[in-house]
Amino acid sequence: MEYHKLGSYDVVVIGAGHAGIEAAHAAARLGARTALFTISLDFIANMPCNPSIGGTAKGHLVREVDALGGLMGIMADKTFLQSRMLNRGKGPAVHSLRVQTDRKQYHMAMKEALEKTPNLYIHQGEITGLERKEGRVTGVYTQLGGYYEAGAVVIATGTSLGGKIFVGEANYESGPDGQHAATALTRDLMEAGLPIRRFKTGTPARVHRRSIDFSKLTVQPGDPEEELQPFSFMTDFPLHNKVDCYIAYTNPRTHDIIRANIHRSPLYGGMIQGVGPRYCPSIEDKVMRFGEKDRHQIFVEPCGENTEEMYLQGMSSSLPEDVQNAMYRTIEGLEHLELMRPAYAIEYDCVDPTAMKATLEMKDLSGVYGAGQFNGTSGYEEAAAQGLLAGINAACHALGRKELILPRHTSYLGTLVDDLVTKGVLDPYRMMTSRSEYRLTLRQDNADDRLTPIGREYGLVDDARWERFTAAKAAKEKELSRLENTSIKAAQLRQVALEEGVDPGETGGTAAQILRRPGVTYAMVARIIGPGEGITPMLAQKIETEIKYAGYIQRQQRTIREVARHENTPIPEEFSYANLQGLTLEAREKLEKIRPATLAQAGRIPGVSPSDLAQLSLALLTWKKEEEPHDR
Amino acid sequence: MKEFTKTICAIATPPGEGGIAVIRMSGPQAYPIAAKVFRPINPDKKVEQAKGYTALFGHYLLEGRPMDQTVALFYRAPHSYTGEDVVELSVHGGSAMAQGLMEALLTAGASPAGAGEFTRRALENGKMDLAQAESVMEVISAAGRQGAALAGAALEGTLSRKIDEITGVLLALRGHLAAWVDYPEEDVPELEEETLIHTLETQKGELDRLIRDYQGGAILRQGVDAVIVGRPNVGKSTLLNLLAGYDRAIVTPIAGTTRDLVEEKVMLGSSGIRLNLFDTAGIHETQDLVEAEGIRRSYLKLEQAGLILAVFDLSRELTGEDLELARRCQGRPAIAIFNKEDLDPRLDTEILGQYFKAALPVSFHQEGALELVTDLIRRVLGLTRIDPYAAALTSRRQLESALRAREALEEGMNAAALGLDAVSVCLDDALEALYDLKGENPTADVIEEVFSKFCVGK
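If you're wondering where the values come from, they're calculated on a predicted model, not measured in any experiment.

**Re the overall build of chain B**
When its secondary structure is counted, chain B shows 14 helices and 13 strands. Expressed as a percentage of the 458 residues in chain B, the buried residues total 51%. In chain B, the share of contacts with a sequence separation of at least 24, taken over all contacts with a separation of at least 6, comes to 65%. Entry remark: accessible area of chain B is about 20800 Å², with carbon and sulfur atoms responsible for 52%.

Here it is in structure tokens:
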């Protein structure tokens, strides 16, 4: 095909899913002239799976995206249907917000926000290849014969890249929700030397509301109105629950149908080659792997305010449509179920993430960044967080600025990226609180403390957000000092504590000391000494946690500082492992493949032992001295 | 950044016998830790105020009790071998005192130094040049390989299985906690606080046993310094020969034949106990200068020994010297052996016996004498509980990991009142310490555990 030059951009983003939109928005905000390409403008910020945002650890990621000036949190609040703070009672570090959103409204709101972003140009079109010169990207080609110059490219292709849908014996090339698959780009990326692999995921059916007997299901309302918290640190309008969710259960009859038809599943029939996620098993996986369980839970969630479509969380499947009908209808309350969109499995192309640096740039293809499912993750929130980082770094690359690396101890985002590029993935990666060794420090309530200053430094945080952040920080500091300096008498405490059913203890003390006692909350203290000035419920939670967990948090801070020493020891890109004595063969191979950027990262590579690390540390010192110029 | 570095310590003198043993400690906490472990004779001297290049004389403390005489040498950063604050503590040679001091330092917060770690710090702080660094690298890689082989050998077998057991239980708990926390709305069985605490307690108990037996284990592995004392010609050398199994000391009926310490390493039958035996010159008033020096050394050795075998002659009357000796044995791991049971008894064993942990009337020439003595030694050393084939920690590094794991479990139990998030972090710490002990990495296993045991995921 003959290509015609149609424009020139600093940054080109391929794909307008949750990763692509944050990437494009962040790049444009940094001042890069940015193009966002999508196969269909009508699927910007589409939610092909759950109509919800957040959940355990994912909620943390949303707050982090927001703290850095991203869009996801603001839009989730704007299109809010219902929310629950998960894990209340299991400790503040694992409190996680999950919001049901209006799927169509979310798309509309996000599209509008992007359209109104300066420096950002949205194009409908499929990218078929990258122009490369001497190991760096210089432009992109479209299927219509267009060519655009590009200083940097972010690949955020989701399940559209080489997408193939499976429902029973039927299968066809497609992206989600009827979008056509991107079929040309994979070959080009392989030619560029990227290690491409194939993953799979799946989604349950969407069904008609009128066909469900809700009297037979358990209702699951949102949190009480007065406890509702927004995702975004910027949201200040009140939130209201607009819908309920429901819980249903499979039963032995459901499982019998699945077992009787398992040979018709493309996964069990061997038609699907892609590796599926362990954390998001299909119903047939659950039944086959956990045969002893006689029921599995299903959440019935509305897809929006102006639609009758309902989503069946927990019932993803690739069984044929006739089996799906039979299987779903065995469930109490769903006996007359009308399927609107059948469940399906989808295979897609993605990259081995160890091909990337911690900036999300490809090690062997300068200027090309990856984000989201393309990097081997799954989940809207994981995608958005990586998109934000990839967008920042693509812009920095194009504009000649210093790129951003977030170490593990700063954020779930940093942890996610480090896991990807250091350990790699064998199946689609989902964020979990257990993945962060620093989780007492990386809470959703302090994402702004951790990241907003970084966002400000890079130009993502505008004045309004910065002012709000500094005001909240000042209010918190002031309140902490008030709590340290205000004393509470034993008698005052006894009265309030007994009403709340908490052991008041024998003595009084400063408000901070009292707050450290088991069961005593900030609200109880505030009843005695009055509420602090400018203390929102979110700030109150933060203060309570920081005081109660002080010992554990300090312990983690110590570990973080110990690690920082190695985190601050860079390994130059041109460093050679070939002549390094005393390494095990495995360690040498892994180090050569991963090419860690710092000594700390080297230590986290599976197969690299502390003794290998000691060798490397000494060799680095030697190497540095040899490289220094002798005649100065 | 330096103040966040660990403070490390290690025995700096070569292993084996020597006049003195030196333990070097380096790092930001060197002075505070030394202050906890070392007590100067002069109460006006404060360790933390000690200037660089000065020395203090005193004792080191183990579990609050003053132990061996100790000389402390102080170096202030950056004027030291490593460029950090350094304290060097010298104690009497022989492994027991130095090991005891190491124990005390580790308990007070120091960490055992890794291979070549002092040198690495010296290098990083610019105390060494490139050529020196390269030679050090050679040494470290050699030591590392040898060390790894040794650790591997120790980890095969019972200890490895025991650590696997504890790790397995904690991992199951951690997996349950992870599933329970990361999948709050799914069908994960609730984790009862009682179960949680009970599990933490039982596994802490397992670690308690390993840590407690470590000291006994050290006796089994390294041997205990044992001294044979008594008046001249009561049969000390005969006992030595009995224990050694052949004629080692010159045994004559002439009192005062053994004028100096005689050392012998013996294995007591099949008991697994190694004794570093010191036969001593007989204790009595003497004008002979050489003999007097021998007697002085006998008493010194008696004060340092981990086991005292005091031999008395049943056929002779109690003397002031016998009483003096018995008095010095009070409160020590000492056994009174009343020899020559076959002759007419004239010794008052009741008076003497009260100063000792155990007493045994025996004739060294009789059948089964060795077994009688061996059993008593086992009892006095507290080794009857220890099964030499049970899982045991075999190195200081393993002990340190076990201590860390135990501390993390204790913290986890405390954290239960606060929140499961804090408990899970403590469990991670405990697992990490146990994996350190085995040289593996835990994080991936927790995720595996979640998905293999629980049916979770939307």
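**Considerations on the overall build of chain A**
Of the regular secondary structure elements, chain A holds 20 helices and 22 strands. For chain A, whose C-alpha radius of gyration is 26 Å, the value lies close to the compact-globule estimate of 26 Å for 632 residues. Each principal axis of the C-alpha distribution contributes one length, and for chain A these read about 85 × 85 × 50 Å. Across the 632 residues that make up chain A, the buried fraction comes to 62%. Summarising the internal contacts of chain A: among those between residues at least 6 apart in sequence, 73% fall at separations of at least 24. Accessible surface computed for chain A: about 24100 Å², of which carbon and sulfur atoms make up 51%. Averaging the coordinates of the 74 positive side-chain charges in chain A and doing the same for the 81 negative ones gives two points 3 Å apart.

**Some points on the sheet that holds strand β4 (residues 80–86) of chain A**
Residue and element names in this part refer to chain A. The strand order across the open sheet built from three strands is β3-β5-β4, with neighbouring strands paired in antiparallel fashion. Each end of this open sheet is capped by a strand with a single partner; those strands are β3 (52–54) and β4. Neighbour to neighbour, the strand axes of the sheet diverge by 20 degrees on average, direction disregarded. Pairing geometry for β3 and strand β5 (residues 96–101), over three bridges, is antiparallel. In the sheet register, S52 faces β5, and the bridge partner there is Q100.

**Side note on a nonpolar patch on the surface**
Residue and element names in this part refer to chain B. Judged by side-chain polarity, I41, F57, V71 and L73 come together as a nonpolar surface patch covering roughly 320 Å² of accessible area. With respect to the element layout, V71 can be found in strand β5 (residues 65–75). Assessed through its relative accessible area of 33%, V71 is described here as partly exposed.

**Some remarks on the interface of chain A and chain B**
Interface size is commonly expressed as the accessible surface area that is lost when the partners come together. Between chain A and chain B, the contact holds 53 residues from the first and 50 residues from the second. On the chain A side of the interface with chain B, the three residues burying the most area are K90, Y552 and L618 of chain A, jointly 14% of the side's total. The tally of links between chain A and chain B comes to seven salt bridges. The salt bridge involving E407 of chain B is made with R555 of chain A; its shortest N-O contact spans 3.9 Å. Contributing elements (two or more residues each) for the side of chain A that touches chain B: β4, α7 (283–289), β16 (297–302), α17 (550–567) and α20 (610–627) of chain A. The element best represented in the side of chain A that touches chain B is α20 of chain A, accounting for nine residues. For the side of chain A that touches chain B, the residue count by class is 17 nonpolar, 17 polar and 19 charged.

**Let's talk about the domain arrangement of chain A**
Residue and element names in this part refer to chain A. As assigned here, chain A comprises domain 1 (4–198 + 350–458), domain 2 (206–347), domain 3 (463–553) and domain 4 (569–627). Each of domain 2 and domain 3 has a C-alpha centre, and these two points are 42 Å apart. Contact residues are listed per partner, giving seven residues for domain 2 and four residues for domain 3. Considering only the side of domain 2, the residues that lose the most area to domain 3 are Q229, F233 and M234, jointly responsible for 78% of the buried surface there. Here D236 ties to R468 by a salt bridge, and the two come within 3.0 Å at their closest N and O atoms. Where domain 2 meets domain 3, there are two residue pairs in polar contact (both at pLDDT 80 or more). Of the residues belonging to the side of domain 2 that touches domain 3, the class tally is three nonpolar, three polar and one charged.

**Brief notes about the confidence of the model for chain B**
Residue and element names in this part refer to chain B. Mean pLDDT for chain B: 78, with 77% of residues reaching 70 or above. Put simply, helix α4 (residues 130–155) is where chain B has its lowest mean pLDDT, 43, and helix α1 (residues 30–37) is where it has its highest, 93. Every residue in residues 137–156 is under pLDDT 50, and counting partners more than four places away or in other chains gives 17 contacts. In this model, residues 248–257 is a region of pLDDT below 50 whose contacts with residues beyond four sequence positions or in other chains number 22 contacts. Complex prediction metrics read pTM 0.77 and ipTM 0.86.

**What about helix α11 (residues 447–458) of chain A?**
All names here are of chain A. Across its 12 residues, α11 extends 16 Å between first and last C-alpha, which sits within 8% of the 16 Å expected from 1.5 Å per residue. The buried fraction of α11 amounts to nine of the 12 residues, a majority that puts the element mostly inside the structure. Three or more residues of α11 are buried, namely A447, D448, D449, R450, L451, T452, I454, G455 and Y458. Those residues of α11 hidden inside the fold are in contact with α2 (58–67), α9 (380–399), α10 (412–423), α12 (463–485) and α16 (537–548). Once α11 ends, the next one or two residues include G459, with phi positive near 90 degrees.

**Some words on unusual backbone geometry**
Going from A77 of chain B to P78 of chain B, the amide bond is cis rather than trans, its omega being 0 degrees. Its identity as a non-glycine residue notwithstanding, R595 of chain A has a phi of 45 degrees, on the positive side. By secondary structure assignment, the location of R595 of chain A is in the loop between α18 (585–594) and α19 (599–604).

**Overview of the pattern of salt bridges**
Residues and elements named next belong to chain A. Scanning the model with the defined rule gives 69 salt bridges over all chains in all. The residue E308 makes a salt bridge to R209 at a minimum N-O spacing of 3.8 Å. Pair noted here: E308 is in the loop between β16 and β17 (309–313) and R209 is in the loop between β13 (206–208) and β14 (218–220), with a separation of 99 residues, a long-range link. One salt bridge connects R443 with E546, and the closest N-O pair in it is separated by 3.8 Å.

**Let's talk about the sheet that holds strand β19 (residues 344–351) of chain A**
All names here are of chain A. If you trace the four strands from one edge of the open sheet to the other, you get β11-β10-β19-β12, paired in antiparallel fashion. The sheet is open, and its two edges are formed by β11 (170–173) and β12 (196–203), each paired on a single side. Within this sheet the neighbouring strands show an average axis-to-axis angle of 20 degrees, counted without direction.

**Brief notes about the packing of helix α6 (residues 252–260) of chain A against helix α8 (residues 321–328) of chain A**
All names here are of chain A. Where α6 contacts α8, the two axes come as close as 9 Å, and the packing angle between them is 165 degrees. In terms of orientation, α6 and α8 fall into the roughly antiparallel class. Classified by chirality, the crossing of α8 by α6 is right-handed. Residues T254, I257 and I258 of α6 form the contact with α8, whose own contacting residues are V323, A326 and M327.

**So, the packing of aromatic side chains**
In this description, a pair of aromatic rings is defined by centroid distance and the angle of the planes. Tallying each qualifying case throughout the model produces 12 aromatic pairs over all chains. Each ring, one from Y141 of chain A and one from Y147 of chain A, has its centre 5.4 Å from the other, and the planes form 40 degrees; the classification is tilted. For Y147 of chain A, a relative accessible area of 11% gives the class buried. Here the aromatic rings of F312 of chain B and F338 of chain B are separated by 5.8 Å at their centres, their planes lie at 40 degrees, and the arrangement is tilted. With F312 of chain B in strand β11 (residues 307–313) and F338 of chain B in strand β12 (residues 334–339), this pair connects stretches of sequence that are 26 residues apart. Looking at F312 of chain B, the relative accessible area reads 1%, which means it is buried. A relative accessible area of 3% places F338 of chain B in the buried class.

**Things to note about the pairing of strand β8 (residues 224–229) of chain B**
Residues and elements named next belong to chain B. Where burial is concerned, most of β8 is hidden: six out of the six residues are buried. Of the two faces of β8, both are covered, the one formed by V224, A226 and I228 as well as the one formed by D225, V227 and V229. Two strands pair when backbone bridges link them, and β8 and strand β10 (residues 274–279) are joined in this way by five bridges, in the parallel orientation. Paired with A226 across the strands is L277, a residue of β10. The pairing of β8 with β11 spans four bridges and is classified as parallel. Each residue of the ladder has a partner; that of A226, found in β11, is L307.

**A word on a negative patch on the surface**
A cluster of acidic side chains, namely E190, E192, E193 and E194 of chain B, defines a negative patch on the protein surface. Of note, E190 of chain B is situated in the loop between α5 (158–182) and α6 (193–222).

**Here we look at the side chain of E479 of chain A**
Residues and elements named next belong to chain A. Mapped onto the elements of the fold, E479 is located in helix α12. A polar contact of 2.6 Å, which involves the side chain of E479, links it to the side chain of Y522. Discounting residues that sit within four places of it in the chain, E479 has contacts with Y522, G532, I535 and I543.

Rules of the game
- Residues numbered from 1 in each chain as written.
- Chains lettered and ligands numbered in written order.
- Predicted model: local features only at pLDDT ≥ 70, side-chain atom pairs only at ≥ 80, totals over all residues.
- Heavy atoms only, no water.
- Helix = DSSP H or I, 4+ residues; strand = E, 2+ residues; numbered from the N terminus.
- Buried < 20%, exposed > 50% of the residue type's maximum accessible area, 1.4 Å probe, protein only.
- Contact = heavy atoms within 4.5 Å.
- Areas by Shrake-Rupley, 256 points an atom, 1.4 Å probe, with all protein chains shown as cover.
- Rg over C-alpha atoms; globule rule 2.2 N^0.38 Å.
- Lys, Arg positive; Asp, Glu negative; His and termini not counted.
- Charge placed at Lys NZ, Arg CZ, Asp CG, Glu CD.
- Pairing = 2+ DSSP bridges.
- Axes fitted to C-alpha atoms, helices over the stretch in contact; angles between N-to-C directions.
- Patch = residues over 30% accessible without salt bridge, like charges linked within 9 Å, V, L, I, M, F, W, Y side chains within 5 Å.
- Salt bridge = Lys/Arg side-chain N within 4 Å of Asp/Glu carboxyl O.
- Buried area = accessible area lost by both parts, 1.4 Å probe.
- Nonpolar A, V, L, I, M, F, W, Y, C, P; charged D, E, K, R; others polar.
- Domains from an automatic or database assignment.
- Polar contact = N/O pair within 3.5 Å; in protein donor to acceptor, adjacent residues only side chain to side chain.
- pLDDT = per-residue confidence, 0-100.
- Expected span 1.5 Å × (residues − 1).
- Parallel < 35°, antiparallel > 145°, perpendicular 65-115°, else oblique.
- Left-handed = near helix turned anticlockwise from the far one by under 90°.
- Phe/Tyr/Trp six-rings, centres within 6.5 Å; stacked < 30°, edge-to-face > 60°.

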